[in-house]
Amino acid sequence: MFAKSQRPIGLVTLIFFLFLYPASAADHKVIFDTDFVIPPQDDGLALIFALHSPEIEILGITTVAGNDSRERATSDVLRVLEIANREEIPVFNGANMPLVHEKSDFATTGHGKWWSDAPPPPPPGGFAKKQAETTSAVDFIVKTVRENPGEITILAIGPLTNIAMAIRQEPGFAERVKQLVIMGGAIARLPDGGGNVTPNAEFNFWVDPEAAKVVLRSGIPIILSPLNVSRKAVFTKEWYEKLVQADTPLTRLIKERMEPYYEKYPDINLLMYDQLAVATLIDLTLFKMKELYVDVDINHGLNYGVSVGGERLWPGAEGAQKMQVQYDLDWERFINLYIERMTKPVPARD
Ligand code: RIB
Ligand code: CA
């Protein structure tokens, strides 16, 4: 007979694990930080991917200026949550501009309207009834991490302004974050490492280089998903047609938004930048990674916003941190996982 203290698992405990423990306890409690725009923007597709993945519990969505204005990001994400029947997920307004980077003629000539103060266009079906929370994104991020030390994953798929502000606002914040998965940067020394805004700078890091530098040097455990691996994930029309064979409110939204694109640009191929960052939390074995020191150039010159990776520190990178850097992808396993998740039915309203 076991002493009381050594009695096998108690009846109450047994009942809890048999009937009460959430069967679908997610692997990752996630703050989803995004420069969101509805599909075909990758942030819009990445959110749907995450919503349909039981490995990920989205605690809240924080918006930041990037692909478009912060206002557009918030307006679009509220509407997609309504279409997805996921209004319970709170949305928090984040930074409306980068820390230092100002609007420039160059910035207005390429992708991105992070500098815009124009009112957002109505999303498909009109503006959402759901409203953003009154708490700011940074206060939500700081409070959630403070109250759940060592448990929170931040998925950052836009400029890193909100994360840098949280690091600066809250002493001890970086030590309490479990991990940070970042879509951003480009590593010239690895294959496919050129930039997509300037010759060597990637968009998220280029919009807010100062924030990227603060975040990469914070000491938070980081998995970086740079353009090197984004370029291994090319979403073609063949896969689009497989996706829209399913008939759900979300695949109908994707079809409504992408059909005109394919009519105008029938051969368009879209890189799945942010979807790979989400896949990182679903199945890390999809990726090949290297551990590198990574730093960002914040000098306002020809390399503004350029990320540099190296196996050992180099002059000018003193203080840079090591991180896991993705450089290759098991495409077949990834794209089949993606299509399976994206075509799931939308949960019924409670
Ligand atoms: O460079 C690609 C990244 O910039 C993606 O996250 C895209 O959504 C934009 O934010
Ligand atoms: Ca993005």
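Above: the structure in question.
The structure presented is a predicted model; accordingly, all values stated were derived computationally and were not measured.

(A) Broad picture of the overall build of the protein chain. Along the protein chain, the regular secondary structure elements total 13 helices and 11 strands. The globule rule puts the C-alpha radius of gyration for 350 residues at 20 Å, and the 21 Å found for the protein chain is close to it. Overall, the C-alpha framework of the protein chain stretches about 75 × 50 × 40 Å when taken along its three principal axes. Looking at the protein chain residue by residue over its 350 residues, the buried ones come to 54%. Restricting to contacts in the protein chain with at least 6 residues of sequence separation, those with at least 24 account for 81%. Of the roughly 15800 Å² of accessible surface on the protein chain, 53% is carried by carbon and sulfur atoms.

(B) The coordination of the calcium ion (ligand 2), seen in detail. Distances from the calcium ion (ligand 2) to its protein donors, Asp35 (OD), Asp43 (OD), Asp43 (OD), Ile157 (O) and Asp274 (OD), fall within 2.2 to 2.6 Å. The sequence pattern formed by the donor residues of the calcium ion (ligand 2) is D-x7-D-x113-I-x116-D. Of the two residues, aspartate 43 sits in helix H2 (residues 42–51) while aspartate 274 sits in helix H12 (residues 273–282), which places them 231 residues apart along the sequence.

(C) Highlighting the site of ligand 1. Taken together, 13 residues form the shell around ligand 1, and within it Asp35, Asp42, Asp43, Glu202 and Asp274 come nearest. Contact between ligand 1 and asparagine 67: an oxygen atom at 3.0 Å from a side-chain N or O atom of the residue. In the environment of ligand 1, an oxygen atom lies 2.9 Å from a nitrogen or oxygen atom belonging to the side chain of asparagine 196. Calculation on ligand 1 without its partners gives an accessible area of 270 Å², and the protein chains cover 97% of this total. More than half of the atoms belonging to ligand 1 lie within 2 Å of the grid points that define the largest pocket. Secondary-structure elements contributing two or more residues to the shell around ligand 1 are H2, helix H7 (203–207) and H12. Residue composition of the shell around ligand 1, grouped by class: 4 nonpolar, 4 polar and 5 charged.

(D) How the structure looks around helix H8 (residues 209–216). Among the 8 residues of H8, 8 are classified as buried, and the element is accordingly described as predominantly covered. Burial in H8 covers these residues: Pro209, Glu210, Ala211, Ala212, Lys213, Val214, Val215 and Leu216. Those residues of H8 that are buried are in contact with helix H5 (161–169), strand S5 (179–183), H7, strand S6 (222–225), strand S9 (287–296) and strand S11 (321–329).

(E) Expanded view of unusual backbone geometry. For the bond running from proline 39 to proline 40, omega is 10 degrees, close enough to zero to count as cis. Take proline 40: it is sitting in the loop between strand S1 (28–34) and H2. Even without being glycine, asparagine 85 reaches a positive phi, approximately 55 degrees. In this structure, aspartate 192 takes a positive phi of about 60 degrees despite not being glycine. Relative to the helices and strands, aspartate 192 resides in the loop between S5 and H7.

(F) Region of interest: the environment of phenylalanine 140. With respect to the helices and strands, phenylalanine 140 occurs in helix H4 (residues 137–147). In sequence terms phenylalanine 140 and valine 306 are 166 residues apart; their C-alpha atoms lie 29 Å from each other. The contacts of phenylalanine 140, once residues within four sequence positions are left out, are Ile31, Leu59, Gly60, Thr62, Phe92 and Thr135.

(G) Here's a closer look at the layout of surface pockets. Of the pockets and cavities examined, the largest pocket occupies roughly 710 Å³. Pro40, Gln41, Asp42, Asn67 and His111 are the residues nearest the centre of the largest pocket, which is lined by 32 residues in total. Only H2, H7, helix H11 (249–264), strand S8 (270–271) and H12 provide two or more residues apiece to the lining of the largest pocket. A class-by-class count of the residues in the lining of the largest pocket yields 14 nonpolar, 9 polar and 9 charged.

(H) Quick peek at the pairing of S11. Bridging between S6 and S11 involves 2 bridges; their strand directions are parallel. Paired with isoleucine 223 across the two strands is glutamine 324, which belongs to S11. Sheet topology note: the S9/S11 ladder contains 8 bridges and is antiparallel. Note that in S11 the partner of lysine 290 across the bridge is valine 325.

(I) Layout of the pattern of salt bridges. Inspection of the entire model under this criterion finds 21 salt bridges. With a shortest N-O distance of 3.5 Å, glutamate 238 and lysine 242 are connected by a salt bridge. Here glutamate 238 pairs with lysine 242, and both are found in helix H10 (residues 237–243), just 4 residues apart, close to one helical turn. Taking the relative accessible area as the measure of exposure, glutamate 238 reaches 44% and is therefore partly exposed. On the accessibility criterion, lysine 242 (33% relative accessible area) is partly exposed. Through salt bridges that share partners, Glu55, Glu340 and Arg341 make up one connected network.

(J) Structural context of the packing of H2 against H12. Where H2 contacts H12, the two axes come as close as 7 Å, and the packing angle between them is 20 degrees. When the axes of H2 and H12 are compared, the pair comes out roughly parallel. H12 is crossed by H2, and the crossing has right-handed handedness. Contacts between H2 and H12 involve Asp42, Asp43, Leu45, Ala46, Phe49 and Ala50 from the first element and Tyr273, Asp274, Gln275, Val278, Ala279 and Ile282 from the second. Per-class residue counts for the contact of H2 with H12 are 8 nonpolar, 1 polar and 3 charged.

Conventions we followed
- Residues numbered from 1 in each chain as written.
- Chains lettered and ligands numbered in written order.
- Predicted model: local features only at pLDDT ≥ 70, side-chain atom pairs only at ≥ 80, totals over all residues.
- Heavy atoms only, no water.
- Helix = DSSP H or I, 4+ residues; strand = E, 2+ residues; numbered from the N terminus.
- Rg over C-alpha atoms; globule rule 2.2 N^0.38 Å.
- Buried < 20%, exposed > 50% of the residue type's maximum accessible area, 1.4 Å probe, protein only.
- Contact = heavy atoms within 4.5 Å.
- Areas by Shrake-Rupley, 256 points an atom, 1.4 Å probe, with all protein chains shown as cover.
- Donors = N, O, S within 2.8 Å, 3.2 Å for Na, K, Ca; no water.
- Near = heavy atom within 4 Å.
- Polar contact = N/O pair within 3.5 Å; in protein donor to acceptor, adjacent residues only side chain to side chain.
- 1 Å grid on protein atoms, 1.4 Å probe; cavity = no way out; pocket = protein on both sides within 12 Å on 5 of 7 lines; lining within 4 Å.
- Sits in = over half its atoms within 2 Å of the grid points.
- Nonpolar A, V, L, I, M, F, W, Y, C, P; charged D, E, K, R; others polar.
- Points joined across faces, edges and corners; volume = space filled by probe spheres on them.
- Pairing = 2+ DSSP bridges.
- Salt bridge = Lys/Arg side-chain N within 4 Å of Asp/Glu carboxyl O.
- Axes fitted to C-alpha atoms, helices over the stretch in contact; angles between N-to-C directions.
- Parallel < 35°, antiparallel > 145°, perpendicular 65-115°, else oblique.
- Left-handed = near helix turned anticlockwise from the far one by under 90°.

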